[in-house]
Amino acid sequence: MTNSATNLRLKLPMACIILEVIIIILFGTLVKYDKETDAKQWHMEIANGSSNYENDFYYRYPSFQDVHVMIFIGFGFLMTFLQRYGFSSVGFNFLIAAFALQWATLMQGFVHGMHGGKIHIGIENMINADFCTGSVLISFGAVLGKTSPVQLLVMSVIEVTLFAINEFIVLSVLGAKDAGGSMTIHTFGAYFGLMVARVLYRPNLDKSKHKNCSVYHSDLFAMIGTIYLWMFWPSFNSAVTAHGDDQHRTAMNTYYSLAACTLATYGLSAVVAHDGKLDMVHIQNAALAGGVAVGTAGEMMLTPFGSMIVGFLAGTVSVLGFKFLSPILEKKLKIQDTCGVHNLHGMPGVLGAIVGAVTAALATKDVYGDGMADVFPDIHSGDVEASFQGVRQAISLAVTLGIALLGGLITGFILKLPIYGAPPDTICFEDGIYWELPGEEGSHEELTTVRTLDEAEKLNA
Amino acid sequence: MTNSATNLRLKLPMACIILEVIIIILFGTLVKYDKETDAKQWHMEIANGSSNYENDFYYRYPSFQDVHVMIFIGFGFLMTFLQRYGFSSVGFNFLIAAFALQWATLMQGFVHGMHGGKIHIGIENMINADFCTGSVLISFGAVLGKTSPVQLLVMSVIEVTLFAINEFIVLSVLGAKDAGGSMTIHTFGAYFGLMVARVLYRPNLDKSKHKNCSVYHSDLFAMIGTIYLWMFWPSFNSAVTAHGDDQHRTAMNTYYSLAACTLATYGLSAVVAHDGKLDMVHIQNAALAGGVAVGTAGEMMLTPFGSMIVGFLAGTVSVLGFKFLSPILEKKLKIQDTCGVHNLHGMPGVLGAIVGAVTAALATKDVYGDGMADVFPDIHSGDVEASFQGVRQAISLAVTLGIALLGGLITGFILKLPIYGAPPDTICFEDGIYWELPGEEGSHEELTTVRTLDEAEKLNA
Amino acid sequence: MTNSATNLRLKLPMACIILEVIIIILFGTLVKYDKETDAKQWHMEIANGSSNYENDFYYRYPSFQDVHVMIFIGFGFLMTFLQRYGFSSVGFNFLIAAFALQWATLMQGFVHGMHGGKIHIGIENMINADFCTGSVLISFGAVLGKTSPVQLLVMSVIEVTLFAINEFIVLSVLGAKDAGGSMTIHTFGAYFGLMVARVLYRPNLDKSKHKNCSVYHSDLFAMIGTIYLWMFWPSFNSAVTAHGDDQHRTAMNTYYSLAACTLATYGLSAVVAHDGKLDMVHIQNAALAGGVAVGTAGEMMLTPFGSMIVGFLAGTVSVLGFKFLSPILEKKLKIQDTCGVHNLHGMPGVLGAIVGAVTAALATKDVYGDGMADVFPDIHSGDVEASFQGVRQAISLAVTLGIALLGGLITGFILKLPIYGAPPDTICFEDGIYWELPGEEGSHEELTTVRTLDEAEKLNA
């Protein structure tokens, strides 16, 4: 039953504890309350005429909690579709998200400007940390079932760092808008993860093929993830947009985009699936593409009409991707994309970036009025033309793709080192390798695991 | 394995895509941002002294998200109790809700008054669209397991339209109050659905009898739905009431009504169920009746005391309905009500309408003070007496019942046309007919399905 | 199949209905809307210059709903880990929570001061009632699987009453701070429940041993509970703190404490568990200890740095408790703690109380500024020194432990009376004794139950 290669008794504790100690030390030396969370400073604001009711907590925290649910329940359960990988899907998602949000607070704090050598934090930092975490979880989807938790933690360390750098370049240097993260979160996370999956390509993965599918109840658990992501996506896209009409409009655009996307998904799924029946893979994933695809343009004056067209296209592209593109990616490009993140986050993310660039280029004072100052401050101030804002958006997409692909490439090679306790090809998609499984079902299951572990050792020998 | 009658490769895509294209065209020509979601208009409000913090987004969106969870998780998972209908319960719920909320935006926009030929939308429209969707999902509960997704989409088209008309008559023409929709949502949805179920009566449904029940884990999935509906019902009833004390009071009344209802449900269930044991059907459904029954009076000065009495009665009526009335409905009236919506939405809805009429008739300036203007503007302005407001409420119940029953009757006959791919009597309550089922469990299951499909064809021949 | 001793046809209905009738009568005579929920009074506030947007509903209700989810989904599903006790875990959790929140409204109203002989209620009462309910559910965890619902209702009656008394002594008499309830909720609930479990010690419980464990899917259901508790704990700790920076800071401290706790939990679990594999029991429980342990100090200027240290310690203590202390508690102290509440709520609660005392003793005007008035009003007013506030906190812990242990002791003996239909030792952890089980799986299961019931009768004879 013991297998030294995948035994994590030392590796995982060392990774967890060393990383956490580093984080705690950095928080101790660098992180402070911002003026809305600090007792003294906030009461100085109060003394200057502010009201407790104006604390940003009340205008961001409900959105934050929705995003939080997406990160931990949404992503976590979406990946429970695999028949024997539910513990790992929810559990590793939990682990790397809990790590990544702390690390992201630091990395985003570093690059987004420190105040007197300190990172000042409040609710917006929590939302942004969750956003960055989302990107890591997208990459997790590409390598799901084929990686050890130690590999995932190492991946998170690097990806969070590069995410923060890319986000800084896109939003601060290039001045692009991307409130819902079509580029910075979805495109970045997807192509980073796909590149990692490419480098970690396993030619003998078909030895675990019988586990790389769902059972009836695992698909129902996955629907919990899907539905939560779908419902709270309006909060995701609007969580950090400007207050007032911006948040309101973004949430509404996303709501209608997702609804249209869902109809497209059901329609297309019945067309392409076997025998005219619906395919759970499409419903669980493609129905969400509408949220991804309005991540950039959602705060703009896209209109519900425009949002629905974008959502409809995203759902269509996503279902077709699952049906026709994923097999090609696997066979020709050797990218084994477990969850199909290319179809849910990759292509819809790129679509969203393009929609954002076009919508930005078409912005006029006549449509936005003084609201231009919130959505496109540089156009409002006269610094740039709308068309140039569109160019900025397009360049940002290219930069994001470049950093994601290069970063994923390097990360893939780092993760390829045989020191992280990765599973052998014969026992991928299997909880038993990293989790104590419950007795009843487990007794049968563990026997299987033992057997396949033995085989694995023989193969590796 | 192929069965042309229930194969949806053409029917479902056509329905989804045609409907979505119609919706998109109508949104393009008719729908605009309202003044709280439009960049230009909202910033004109700002210029006139408003604050971003006063945008209605902040005072409606948290309630909206709770309602949204009820619609997609609550209703969706509540119906997963059937052993082999989980994909369809969550999946068709998802599909028709995503459709209905778009269609409802249009239909409610049409009847509730357009501005310069346009429908102006914001957060309240999203809540109301979700409400209307809830009504459709209640009807879905009555026909669950016996209808194809195409039938459900057609039903949604008609029901949403009639819902909007009935809502307009009740709230705008008759001037009744019904914030939580005891009448407009629950009574309407239940009796509409029951009438559809009556017309679609299947004398040979007992051939699928062995599937029309739960298994252990399907009941646990259903409890996810129940608990979410229960928890967020205070948000449902208060989502569109007036700001301030009204929303606050409505949420609180609903909270206590549901708590009392739950005690009644457990008590009664143990009395009537086999061997003094609790029956999951009662817990999953009757414990929610308290939310339905304060849907009209919740915003009034019902007091927690009054709310608890109403909740206690609703739970009692609902359990007794499941035990004694449902079998009679099926045998004598030929209404096969899969989820027992008559017990959860029908009778408690009527009870709620009556409680609302009585509470309205007893309203006095002494109790409501200036708050009368929010709850009963016509009594406050002196246009009507409180007793007449009670009469309005009662008439509204009658109108709602009439439109629901007549609408359901017509809809039932439309759905009876043999063109929608409805399942044969032998394979109702079975996901395999419309969904690709996962291998492992599915392999066994699909064999069963093939066999029953063959039988079905023989029977139909 | 009938077993008179555990048949609840009379006992449960009597308990439910008598309790509910008493509650309704007391609500009718004693409970009134407060000034924020009463139409007349609120509109007098409006007339005096308040705005509807200042109604406390908008600043407490989103937190309330998160707490509500923790109580009904979080606690309910956390306990579904047992393979054949899912109906009871969710269902009895639902029943006793619905009862306890009503009873808590009354008991907390009594001791926290009535106004003119009446209890005035609004959103804060709802949150506090849910908090008190949480304490009862913690105790439920200690006796899970070994008690009848009638016993649980009786326990709730007593525990809620004592909770309210203890809370009054700690917060009002002693002037301690405990917004997130490290002492009043977690320490109280845990030690009360452990003492009840001690008195109800079953020497022959190993006859049900094979049911006192999980299966694959029951562990996944439990993770729903875990993740919801984890995500919404920031709302729990901040739900009743002062508005503005206090709520904001409390939520943020809790967020980082939990993240650090999660890393510690995963690390320690791999160290101590069999074969270097992760143990679901640790992940499901210990990862939450960080929320418990900042329940007192979360609103103070603990800093994210301090919160992370506390969270890290709490996770460590909790995992070690599961591994080493729980077996000792069972063997030496004869405490059969089904869910390990001592590890999740007991020790982390005490840790939280100590952290709170130390943090309070170190409070300085220099750090808190005018914010001192919100966090430590008595220090701000000069009534006490910071060090004395620390002493108050420490005394509060001692008082809480005393009342919990003594109360649990007495309650245990009351619950030991053989009149509540408690399950025999041979069929603990088994839904079939109180629930009608669904056919398919149930048919097999019910046979088992019959057999063990027969055995039980022989044993009891």
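Residues numbered from 1 in each chain as written. Chains lettered and ligands numbered in written order. Predicted model: local features only at pLDDT ≥ 70, side-chain atom pairs only at ≥ 80, totals over all residues. Heavy atoms only, no water.

**Considerations on the overall build of chain A**
Note the threshold: Put simply, DSSP marks the helices as runs of H or I at least four residues long and the strands as runs of E at least two long, and each gets a number from the N terminus on. We call a residue buried when its accessible area falls under 20% of the maximum for its residue type, exposed when it is over 50%, and partly exposed in between, using a 1.4 Å probe and counting protein chains only. In this analysis, two residues are considered to be in contact whenever any of their non-hydrogen atoms come within 4.5 Å of each other. Working convention for charge: Lys and Arg count positive, Asp and Glu count negative, and His plus the chain ends are omitted. Charge coordinates come from a single atom per side chain, which is NZ of Lys, CZ of Arg, CG of Asp or CD of Glu.
Across its full length, chain A holds 18 helices and two strands. For the C-alpha atoms alone, the extent of chain A along its principal axes is close to 70 × 55 × 35 Å. Expressed as a percentage of the 461 residues in chain A, the buried residues total 69%. For chain A, contacts bridging at least 24 residues in sequence account for 81% of all contacts bridging at least 6. When the 26 basic and 39 acidic side-chain charges of chain A are each reduced to a single mean position, those positions are 10 Å apart.

**Quick look at the interface of chain C and chain B**
Formally: Using a 1.4 Å probe, buried area is obtained as the accessible area two parts lose upon being combined, added over both of them. When a carboxyl oxygen of Asp or Glu is within 4 Å of a side-chain nitrogen of Lys or Arg, the pair counts as a salt bridge. Any pair of nitrogen or oxygen atoms within 3.5 Å is treated as a polar contact; in protein, a donor-acceptor pairing is required on top of that, and neighbouring residues in sequence qualify only through side-chain atoms on both sides.
Every contact between the two is made by 76 residues of chain C and, on the other side, 70 residues of chain B. Summing both sides of the interface, chain C and chain B together bury roughly 6,600 Å²; the carbon and sulfur share of this comes to 70%. Considering only the side of chain C, the residues that lose the most area to chain B are Tyr33(C), Phe94(C) and Glu436(C), jointly responsible for 12% of the buried surface there. Applying the counting criterion to the chain C and chain B interface returns one salt bridge. With a shortest N-O distance of 3.6 Å, Lys40(C) and Asp366(B) are connected by a salt bridge. The tally of links between chain C and chain B comes to 32 residue pairs in polar contact (both at pLDDT 80 or more). Within the residue set of the side of chain C that touches chain B, elements represented by two or more residues are helix H1 (11–30), strand E1 (31–33), helix H2 (39–47), helix H3 (57–78), helix H4 (86–111), helix H5 (123–143), helix H8 (216–238) and helix H18 (439–460) of chain C.

**A closer look at the side chain of His43(A)**
You can see His43(A) is positioned in helix H2 (residues 39–47). What makes His43(A) buried here is its relative accessible area of 10%. Of the polar contacts made by the side chain of His43(A), one reaches the side chain of Asp245(C); its length is 3.2 Å.

**Re the interface of chain A and chain C**
Interfaces are often sized by the accessible area lost when the parts come together. Contact residues are listed per partner, giving 76 residues for chain A and 70 residues for chain C. In total, about 6,600 Å² of surface goes out of reach between chain A and chain C, with carbon and sulfur atoms giving 70% of it. The largest contributions to the chain A side of the interface with chain C come from Tyr33(A), Phe94(A) and Glu436(A), which together make up 11% of the buried area. Linking chain A to chain C there are one salt bridge. Put simply, chain A and chain C have 32 residue pairs in polar contact (both at pLDDT 80 or more) between them.

**Focus on the relation of the copies chain A and chain C**
Heads up, the rule is: Least squares is the method for superposing the copies, and the C-alpha atoms it fits come from residues with pLDDT of at least 70 in both.
With an axial shift of 0.0 Å and an RMSD of 0.0 Å, the rotation relating chain A to chain C amounts to 120°. The operation mapping one copy onto its partner corresponds to a three-fold rotation axis. When C-alpha positions in chain A are compared against the rotation axis, the closest is assigned to Pro62(A), at 3.9 Å. An asymmetric contact is evident, with only 9% of the interface residues of chain A recurring at the interface of chain C.

**Examining the relation of the copies chain C and chain B**
In screw terms, the move from chain C to chain B is a rotation of 120° and a rise of 0.0 Å along the axis, fitting with an RMSD of 0.0 Å. When you check the interface residues of chain C against chain B, a mere 9% turn up at the interface there too, and the two sides of the contact use different surfaces.

**With respect to the UniProt feature "domain: Ammonium transporter AmtB-like" (unreviewed entry) in chain A**
The criterion, for reference: UniProt positions are given in the numbering used here, feature names are shortened, and annotations may be inferred rather than shown by experiment.
In the numbering adopted here, UniProt assigns the feature "domain: Ammonium transporter AmtB-like" (unreviewed entry) to residues 49–419 of chain A. A distance of 58 Å separates the end C-alpha atoms of residues 49–419 of chain A, which is 72% helix and 1% strand.

**Comments concerning the nonpolar core**
Worth spelling out the cut-off: Residues enter a nonpolar core if they are buried and are Ala, Val, Leu, Ile, Met, Phe, Trp, Tyr or Cys, with the set joined through side-chain atoms within 4.5 Å.
Counting 459 residues, the largest nonpolar core has Tyr228(A), Tyr228(B) and Tyr228(C) as the members making the most contacts within it. Residues in contact with Tyr228(B), not counting those within four places in the same chain, are Tyr228(A), Val69(B), Met70(B), Ile73(B), Val69(C), Ile73(C) and Tyr228(C).

**Thoughts on the packing of helix H3 (residues 57–78) of chain A against helix H8 (residues 216–238) of chain A**
Two measures define how a pair of helices packs: the angle their axes make with one another and the distance between the axes. Residues and elements named next belong to chain A. This is how it is decided: In this analysis, axes come from line fits to C-alpha atoms, helices being fitted only over the stretch in contact, and the angle between any two N-to-C directions falls in the range 0 to 180 degrees. When an angle is under 35 degrees it counts as roughly parallel; over 145 it counts as roughly antiparallel; between 65 and 115 it counts as roughly perpendicular; any other value is oblique. The handedness criterion is simple: a crossing whose near helix is rotated anticlockwise from the far helix by less than a right angle is left-handed, and one whose near helix is rotated clockwise is right-handed.
H8 packs onto H3 with a crossing angle of 150° between their chain directions and a minimal axis gap of 8 Å. The orientation of H3 relative to H8 falls into the category roughly antiparallel. At the point where H3 passes H8, the crossing takes the left-handed sense. Packed against H3, whose contacting residues are Arg60, Ser63, Asp66, Val67, Val69, Met70, Ile73, Gly74, Phe75, Phe77 and Leu78, the element H8 presents Phe221, Ala222, Ile224, Gly225, Thr226, Tyr228, Leu229, Phe232, Trp233, Ser235, Phe236 and Ser238 at the interface.

**What to know about unusual backbone geometry**
Excluding glycine, residues mostly have negative phi values, and the peptide bonds linking residues are mostly trans. A positive phi is found at Phe429(A), a non-glycine position, where the angle reads about 55°. With respect to the helices and strands, Phe429(A) occurs in the loop between helix H17 (386–416) and helix H18 (439–460). The class of Phe429(A) is buried, set by a relative accessible area of 1%. Even without being a glycine, Asp275(C) presents a positive backbone phi close to 65°. Position of Asp275(C) among the secondary structure elements: in the loop between helix H9 (245–272) and helix H10 (280–285).

**Regarding the pattern of salt bridges**
Using the criterion set out here, one finds 25 salt bridges over all chains in the structure. We note a salt bridge from Lys211(A) to Glu430(A), for which the minimum N-O separation is 2.3 Å. In this pair, Lys211(A) is assigned in the loop between helix H7 (182–199) and H8 and Glu430(A) in the loop between H17 and H18, connecting sequence segments 219 residues apart. We note that Lys211(A), like Glu430(A), is buried. In this structure, Arg60(B) and Asp56(B) form a salt bridge, with 3.6 Å as the shortest nitrogen-oxygen distance. Among the charged side chains, a salt-bridge network with shared partners connects Asp245(A), Asp246(A) and Arg249(A).

**Focus: the environment of Ile121(B)**
Position of Ile121(B) among the secondary structure elements: in strand E2 (residues 119–121). When neighbours within four sequence positions are excluded, Ile121(B) is seen to be in contact with Met252(A), Tyr256(A), Pro304(A), Phe27(B), Val31(B), Lys32(B), Tyr33(B), Asp34(B), Thr37(B) and Thr105(B).

**Observations regarding the packing of aromatic side chains**
Applied cut-off: Each Phe, Tyr or Trp ring (for Trp, its six-membered ring) is paired with any other whose centre lies within 6.5 Å, and the angle between the two planes then decides the class: stacked below 30 degrees, edge-to-face above 60, tilted in between.
Considering all chains together, one arrives at 79 aromatic pairs over all chains under this definition. Here the aromatic rings of Trp233(A) and Phe236(A) are separated by 5.9 Å at their centres, their planes lie at 50°, and the arrangement is tilted. Of this pair, Trp233(A) and Phe236(A) both sit in helix H8, three residues apart, which is roughly one turn of that helix. Judged by its relative accessible area of 2%, Trp233(A) is buried. Using a relative accessible area of 3% as the deciding quantity, one classes Phe236(A) as buried. On the basis of an interplanar angle of 75° and a centroid distance of 5.4 Å, the ring pair of Tyr255(B) and Phe64(C) is categorised as edge-to-face. Residue Tyr255(B) is located in helix H9 (residues 245–272), and its partner Phe64(C) is located in helix H3; the two belong to separate chains. Taken individually, Tyr255(B) and Phe64(C) each receive the classification buried, so the pair is uniform in this respect. Linked through ring pairs, Phe27(A), Tyr53(A), Phe57(A), Tyr58(A), Tyr61(A), Phe64(A), Tyr59(C), Tyr255(C) and Tyr256(C) together constitute an aromatic cluster.

**Some remarks on the confidence of the model for chain A**
All names here are of chain A. Note the following rule: Here pLDDT means the predictor's own confidence in every residue, given as a number from 0 to 100.
Mean pLDDT for chain A: 94, with 95% of residues reaching 70 or above. Contacts from residues 440–457, a stretch scored under 50 in pLDDT, to residues over four places away or in other chains number 25 contacts. Both scores are available for the predicted complex, with the pTM at 0.95 and the ipTM at 0.94.

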